[in-house]
Each structure stands twice: as C-alpha cells, then as structure tokens.
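Report on the structure
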Amino acid sequence: MQRRGNRKRMNAAQCTSLLLLIALMVALPMPAQSVYAQTPPPPTNLNQLLAALSPEERVGQLFLVTFEGASAEPGSPIYDLIANHHIGGVVLRAENDNFVAAPDTLPAAYQLISNLQQIEWDSAYPQHGASHAYIPLLVGIEQDGDGYPNDQILSGLTELPSPMALGATWKPELAKQVAEIQGKELSALGFNLYLGPSLDVLEAPAAAMRGGIGTRSFGGDPYWVAKMGQAYISGLHSGSQGRLLVVSKHFPGLGAADRPAEMEVPTIRKSLEQLKQIELAPFFAVTGKAPDASTRADGLLVSHIRYQGLQGNIRATTRPLSFDQQALSAILSLPEMGTWHDDGGLLISDDLGSHAVYTFYAPASENFSPPLVARDAFLAGNDLLYLGNISSGANDTYTATLAILDFFVQRYQEDPAFAQQVDTAVLRILASKQSLFKAFTLSNVTPFSDRLAEIGQSQTVTLEVARRAATLISPDAQELSATLDAPPSVRERLLFLTDSTPYVQCQGCPLRSSLSVTALQEAIVRLYGSTAGQQVSAARLSSYSFDDLRALLDGAELPGLVNDINRANWIAIALSGASLGQPELISRFLSERQDLLRNKRVILFSFTAPYYFDATDISRLTAYYCLYSKQPAFVDVAARLLYQELPASGNSPVSIPGAGYDLIEMTSPNPQQIISLLLDFPPASVTATPPTASASPATPEPTPIPLLQIGDTLYVRTGVILDHNGHPVPDGTVVRFDVLLSGESGGIIQQIEQVTTNGIARVSFALEKPGLMEIRASSDTARLSDVIQIDVTPGEAVVVTVIAPMPSAAAPTPLPETPPAENDFISPAGYPRLAAWPLAMLFIALSAWPAYLAGQRLRSKRWGVRWGLCALLGGLMGYNYAALGLPGSLHLATENGMLGLLAVLASGEIIGVVCAWLWMQRANE
C-alpha cells in the first residue's frame, strides 16, 4: 500500500513536471506578430514564460553588459554572466578588444556571437535535461558609419558614409539604401540590436564643439532629420529581414548640448515647446507619429542630459533625464508619443559606465555605487539598462555587474512594487525578443555562416552618396569658375597636407590610419596619372601629414616641406576630424605663414563637419569643399572636384556661420518660384476636358471642371513648394491662401493659413456667393502663384480655371547706355586721379591771389596775406574732401569730371575766405 501511494505521488509529480514542460514548449515556438520588431501587448504565452522564470532570471533580463576580449571561454566573466546570471544581452565594443585584426575580423566576430548564444542555449539545455527556459541574448553594436572613431568594426564591412553625408544628399531613399546594406551585414554576423541611428538635431552647431555629435547627425533641420531617420530605420528593418531591433539615440536629443555628453552631463535650456519643435520632433516621427511599422523605432536610447523645459530650474544636483522619473514620464505622456511605449517600445538607458555618469554621482571621485546608479536608472523608467564598462574604485566591471545583479534580486524579493516594475519591463523585453525570431531555438537565433561571403560587396551606394553629398562651401559656383578657370595642369606642382589619425582595431592589432597621408595623392595618380589620361605627373606631387605641419608652425626646421610649399602651385588640405585641434592648426597655417601661401591656390577638403572655420579663415582659401565622410569613395570624389570633373551638387544640412550659410533661411520657400495651384478632387469626381493640340500656350485653359454648384466645397492644393536648395520645404511651412473678389468692388474676402506636408499645402473653400473669384497662394518670401478663377453663377455649374502668372507687358528695351569717356583726371567712381593733383594745386594757388588782393584792399597787406592763406587752406581742405569721397563730391566729379572737382575746390576756398572775413571782423572789435 505504501509503495502504491509512493507510486501515485511520483506519477503526480511527473505529470506536473510534464505539464510544465509542455507549457514552456508551447510558449516558446509562437511566431512573431509582425515582420518588424514592434509588437502588441504581451500575449498569454509570454506571461507563462515569465511565470517559469526565477527572480534571478527575471533580473538578469534587464541588463546589457560589456566584457573584454574576443572569446567567451568557460570560466571567463562573460561566460559566468550568461550561464549563471542569465543576462539579457551584450554590447560589443572595439575599446574592449571584442574584435580582432583583419582579415579575421568578420569571421571572428561571427564566431564570438555564435558562442555567446551557444552558452545561453547550453545552460538552458544541459546534457541531463532542461534547467531553465532558453531566452536568446540581445547582441548589440554602435556602428554609426564613416569608420574610426564612429564605428566599432573597422574593416570587412561595406564602407558606409556618415549620417551627415546622407543629410547633404537630401535624399531619404539613399539613406534607406545605405541602411539596408548595414542591416543585412550586421544581421549576417549575428547582431540583433542596433544602437542607432542618431536623431540629434544640430540646430546651431558650434565650432568649439570638437567632440560633439558632428557628422553622426543627419543635420540641423528637425523635419529632414526625421525624414532621414524614418528612411534609415526602414532600411535597417528590411535589410535585416526584421531580425534587428533598432534603438534610436540620443533621446530626447543632444544636438543643442554645449559639451560632449560622454564626458560631462550637459544642460539644454529650452522651453518644452522648443524641445517639441526641435529636439523631440524626429523622435516623435519614429514613435507615435511614425507612418508605418517599418519606420517605427523599436527602442530609444535615453541620454544623460538635463532639460530646463522639463526639469525647471537646473541645479548642479538636478539629475539627468535618464535618472529622473518625473521628467521621463512627462515626455512619455506627450500625445506625440502616442501609445508607442505601451505597445512595446523599449527604453534603454545610455551607457551607465560613462565618465559623465561617474562624475555626476561621484564628483570627488569617491563613493561611486554602481548598484545605486543602476537602481536610479531603472526606477526612472528605463526597461533595459546598458551597464557599459561600469566599475567603482575598488571593483572592476565584472565585480560591479555582479553587485548590481545581487542588489536587484534582493530588492525584487523584498519590495513587491519593485518586483512588479521588473516583471513589466521583462515582459516588454521578452516581447521584443520574440518579435525577432519565429521560435526561441538556437537554429533560429544564429544565422548561417555562408552569409558572410555577401558582406562588404556593396560600394556602389556609397559612391553615389559621395557624388551627391559633395558641397562647395565657398565661394559660390559662379565666382569659383572665374577664379579657377582650369584644373591643375601637368606642369604644375601640387602639395597635399593630410589629417591622418592613427587607430587600432584592438590592442596588439597593427596600426592603421583613418585617412592615409598619401590618400588624396594616390587617388589623383590613379584617376589622372600616366595610366589614366596623363593629366598629372606623379613626380610633381608631394604629401605631408598634419604632424609635419604642426612641427613647422612650432619652429622645427623642415627644409623639405618648406621647399615643396614654395615650389607648389596648388596646396590641397584634407581635414578628417576636429577632436585633436586640427581646425586650429589649419587656422594657424593660414594666418601665420602667409609668406608661404602667397600666389598659391589653396583648396580645403573637409571630410568631417563643415562649420569649424570662421569667415576670416574661409576668406584665405581659394575654395572650400565639404565631403562629410572620409571613406575611399569620398576621397575619389574630392580628387574629381579638384580636377573639375564633377560639380559639387550637395548642400550642407547644417548651418555654417563662417560662410554665411543659414539653414533656416535655406530651407524657407524660394522667392523665385511660382507656386502651382491644383484642384484636389478625387479622380472620379472630376470631368476632364482633354487639351487640344491647337490650343495656344499663351491662352489660359480651363482645368478639368468639377461638377459643383453653390453650396459645394472646392478643394485646392499647391504643387511641391521648394526651398532655396531646390528641395521640398519642411513640413509645417505656412502657406497663405487668399480669396479675392474680382471686379470694381474686388478685394480680399478671405484668408486661410495652412501648413505643408511633404512640401504640399491643402485648403478647402465653400462656394457660398455668386460672382467671379480668384484664389492665390503665398508662403514667406514666395509670393507669386498660379491663379484659380472661380465663376459662380446661380443655377449653373461652377467654372474653375487655373491661370499661370502671365509675364508683364513687354517694356521697351532700353538703349544701351553710352559708357562714360575715359577721364585722365577723374576715375569712374568719382575720385581724383594722380594727374588731377598738379592741376588742382595750380587752381588753388591762382584762386588764392584774388583773396590776397581783397584782403589788402579792405585792410592791409598783412590781412591780404591772411586772406590768401585762408583761401589756400580752404582749397586744400576741399581737395581732401573730394579725395576721401565725402558726401556730394563723388556725384559732382562723376557727372562733371574735372569741372566738378574744381567746383569742390572753389567751395572750399570760399569757406576759407569767409573764415578770413570773420577773423578780421573779430580783430576790429
């Protein structure tokens, strides 16, 4: 009986275990709800999965960690964190030596990621059966484009442009194509988390911000940053086939920061309305206002920054937004965010191990507590905590991470409210992971290694971006064509000064350069040398680094460099960065060594941001081009610009104060355009009148006639309104529609203001009164538009006609003015020439004689001399008056030549005589 009872209890226990295992197996293979990572509220199966997790497993899911080295051997810190603490994911970084040198960079990265996922799988399914539920790791990377220092993987992948280079093309479709390449290649390596793109708006870039966002931003207009961001996110999703979570940064926006956020917590003093219009606008566009799932960000990386508009009066003790629950909740509650966070959008803290966080929590470099930092970030509302290389004075990153995990587990077990917040965040994380894979199995998580062969084969798009991004900053194209009427000839000498910054992929990896000292020279020889047209002689080219230039300016004896500069006809300067004071070095060269630069053509190619130079520096350059990116394709385009093979067709996406380029002005409506007006009816409601071949182009023709009567509504839209650069104006540009009544009693009877969407504004008018009316449109300085005429007659169909603005009546062609005859005495501008001086002096001397005679006759010889001297001084004063071009003199001299100058001299002498007469009267008293 006892044995039978034990058997029953055993059967019951086995049944319970079997049911639990079946529940887990049913829970895991559920497919994702969408091709993209955005998901609806967690389904029941995820709740079941959560219920099967221990507190330690739940807490582990909250953390993204880093580690050192390119392997994950048993016994290593990362092995322990995955196998025993069930962390949510890892982020691979070059500074932690997670990648090896070429040519093994990509195969080793693929193997490392595969091993990390294998560790989690093996710990979930050891040889003796399942020990816990298998939940794949998130494996993340920041790969902003343009190589070092913006990228982590520095070789093997397709060399992609910087975001600012994409912004300079003003082509969202190119941003999507670049992102598709990046999404495809990163997912092929096994990455499933992308920390980017940056949606920061550089509204007013500062030249002093050497280590700021720079070319990692798409630009300075929130509308265009949003459009580029949407396209880039869509490309990442489609390129990875939905296997990449896209986390846009640096929410809510670092573009207006006055210092690099990695080093110190900056403060942005703007109102909430300003933040909504500028900083927050691009993030709204990829969250609550995203047009579709493909353009929606899966998460936002919350930055360590303070905002006056959200947090009131900022003090030294005011927490960054990433640690401020009230401020972060205020942003998430904005209508523009919609239900994005509730629908599964992740909030991920920025690097909690950054120097900025350390100095904020421990300004005196003591008492830094990693567990408290992580707790504050979590309580503020971040779902996933990116620990980075967090450490305290006594503990390394691994020890600090263990302390954080233990602290969270203890809080979970002791504090129900904290446990509930953990469970909510874990469900959101699980839902995001589930959206990436059809099922939580190792075969679904790890990509096939044969996809590695497809990586690095897509350079065509980068070359297209380089061609379209190249921008002429100064002078304008017309002035440049007059200054540089021909490219360098084969007999001329060219000298290249290149900003070559060394870097390594890892400690012990070979040293490489972001832009080699001879990069531009080699591109020119390849494109125009002996095997390609013989437009250049390689023997007449020489290259030096910025280190050589710095040594020269600091007083070093470099006869070779000085000799090559003296012999050069052209000097091309290649700038690749600004963090090491490179712009200041160029400024010194331009100002301190004018002796070396005299009569030379100095061309500056900026392969970084364009706003580091003031007007004086730019005025000393023959030409200033910006390429925004230093990848080989951009170097080739710079060479082609120098040899005038390509036009610089790009436009800067940021303001350039030194060049007088203001982005707000450039993105406003172009006053030279004619705004087209169109009827905005559905095709089915319009009866079209086909145009006839015999219609005269000068005669306004009726547009398709809607079947309308009095009381109906007329819908009108503009064509695409263009800005000064020829691109659609940003959304929200105000367009005013005026309704005018024609005839003697005419005038504006109605004005309606609308805003543009995709460059187009729409409006509707009620047809309430009979008569002939006109509709016109204007926007800012763009005043001329088509005219829509509306003939409303009771009982008849409304006749609508669109009339293009007619040219004004031809004015008689003015006869060419006869140029003034050359004058030996007066310049065309009205100034006396050198030949006029002796004649003027003779006139003054002769005119002083009558004054002498008058003074002698009125009083004495003594007073005659005085009168003559006063007249002489007055004449000399008159000559100086004319020579300085003071008011009235230029007009007299221009109109009357030498006679006009003599009239000025005579006026001065008369004033001198009057002064002499007053002098004599005073003496008589």
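Structure shown above.
Rules used throughout
- Residues numbered from 1 in each chain as written.
- Predicted model: local features only at pLDDT ≥ 70, side-chain atom pairs only at ≥ 80, totals over all residues.
- Heavy atoms only, no water.
- Disulfide = S-S within 2.5 Å.
- Buried < 20%, exposed > 50% of the residue type's maximum accessible area, 1.4 Å probe, protein only.
- Helix = DSSP H or I, 4+ residues; strand = E, 2+ residues; numbered from the N terminus.
- Salt bridge = Lys/Arg side-chain N within 4 Å of Asp/Glu carboxyl O.
- Pairing = 2+ DSSP bridges.
- Core = buried A, V, L, I, M, F, W, Y, C linked by side-chain atoms within 4.5 Å.
- Contact = heavy atoms within 4.5 Å.
- Expected span 1.5 Å × (residues − 1).
- Axes fitted to C-alpha atoms, helices over the stretch in contact; angles between N-to-C directions.

Another aspect to go through is the state of the cysteines. Inspection of the entire model under this criterion finds one disulfide. A sulfur-sulfur distance of 1.8 Å marks the disulfide that ties Cys506 to Cys509. Between Cys506 and Cys509, the S-S dihedral sits near 70°, and the bridge is therefore right-handed. For the residue pair Cys506 and Cys509, the accessibility class agrees, reading buried in each case. Cys870 takes part in no disulfide bond, and the closest cysteine sulfur, belonging to Cys915, lies 6.7 Å away. Classification of Cys870 by relative accessible area gives buried; the value is 16%.

Backbone torsion omega between Ala102 and Pro103 reads 10°, so that peptide bond is classified as cis. Going from Lys249 to His250, the amide bond is cis rather than trans, its omega being -5°. Tracing the chain through its elements places His250 in strand S5 (residues 245–251). If you check the backbone angles, Gln241 has positive phi at about 55° while not being a glycine. Among the residues examined, Gln241 registers a relative accessible area of 65% and is labelled exposed. Even without being glycine, Asn758 reaches a positive phi, approximately 55°. Locating Asn758 in the fold gives a position in the loop between strand S24 (747–755) and strand S25 (762–766).

Side chains that differ in sign of charge can pair as their charged atoms come close. Applying the stated rule across the entire model yields 27 salt bridges. Residues Arg319 and Asp376 are paired through a salt bridge, measuring 3.5 Å at the closest nitrogen-oxygen approach. In this pair, Arg319 sits in the loop between helix H11 (308–311) and helix H12 (325–332) while Asp376 sits in helix H14 (residues 370–379), placing the two residues 57 residues apart along the sequence. For Arg319, a relative accessible area of 36% corresponds to the partly exposed category. Since its relative accessible area comes to 6%, Asp376 is described here as buried. With its nearest N and O atoms 3.3 Å apart, the salt bridge here joins Arg428 to Asp383. One end of the pair, Arg428, is in helix H16 (residues 416–436); the other, Asp383, is in the loop between H14 and strand S10 (385–388), with 45 residues separating them in the sequence. On the accessibility criterion, Asp383 (5% relative accessible area) is buried.

Here we take up the pairing of strand S17 (residues 601–606). In terms of residue burial, S17 counts as a mostly covered element, since five of its six residues are buried. As judged from the six bridges shared by strand S16 (residues 570–575) and S17, these two strands associate in the parallel manner. Looking at the pairing, Trp570 lines up with Arg601 of S17. Pairing geometry for S17 and strand S18 (residues 623–626), over four bridges, is parallel. Bridge pairing in S18 places Ile603 opposite Ala623.

Before going further, it helps to spend a moment on the nonpolar core. In terms of nonpolar packing, the biggest core is built from 212 residues, with Phe63, Phe191, Phe408, Leu497, Ile524, Phe605 and Leu627 touching the most fellow members. Per-element tally for this core: the top contributor is H16, with 10 residues. If sequence neighbours within four positions are ignored, Leu627 has contacts with Ala165, Ala470, Phe605, Ser606, Phe607, Phe634, Val637, Ala638 and Leu641. Judged by nonpolar contacts, the second largest core, of 25 residues, contains Val729, Leu767, Ala782 and Ile788.

The next thing to look at is helix H28 (residues 836–858). With 23 residues, H28 should cover 33 Å at 1.5 Å per step; its first-to-last C-alpha distance of 34 Å lies within 8% of that length. Taken together, the buried positions of H28 are Ala836, Ala840, Ile844, Ala848, Ala851, Tyr852 and Gly855. Packed against the buried residues of H28 are helix H29 (861–883) and helix H31 (898–924).

Moving on, we get to the sheet that holds strand S22 (residues 713–718). With respect to topology, three strands assemble into an open sheet ordered S19-S22-S25, the strand pairing being antiparallel. Since the sheet does not close on itself, it has two edges, and those belong to strand S19 (677–679) and S25, each with one partner. Averaged over all adjacent pairs, the angle separating strand axes in this sheet is 30°, with direction ignored. Pairing geometry for S19 and S22, over three bridges, is antiparallel. Looking at the pairing, Leu679 lines up with Val716 of S22.

With respect to the helices and strands, Pro136 occurs in the loop between helix H5 (105–124) and strand S3 (138–141). Note: C-alpha distance between Pro136 and Thr441 (305 residues apart in sequence) is 8.0 Å. The contacts of Pro136, once residues within four sequence positions are left out, are Gly88, Gln117, Lys433, Phe437, Phe440 and Val445.

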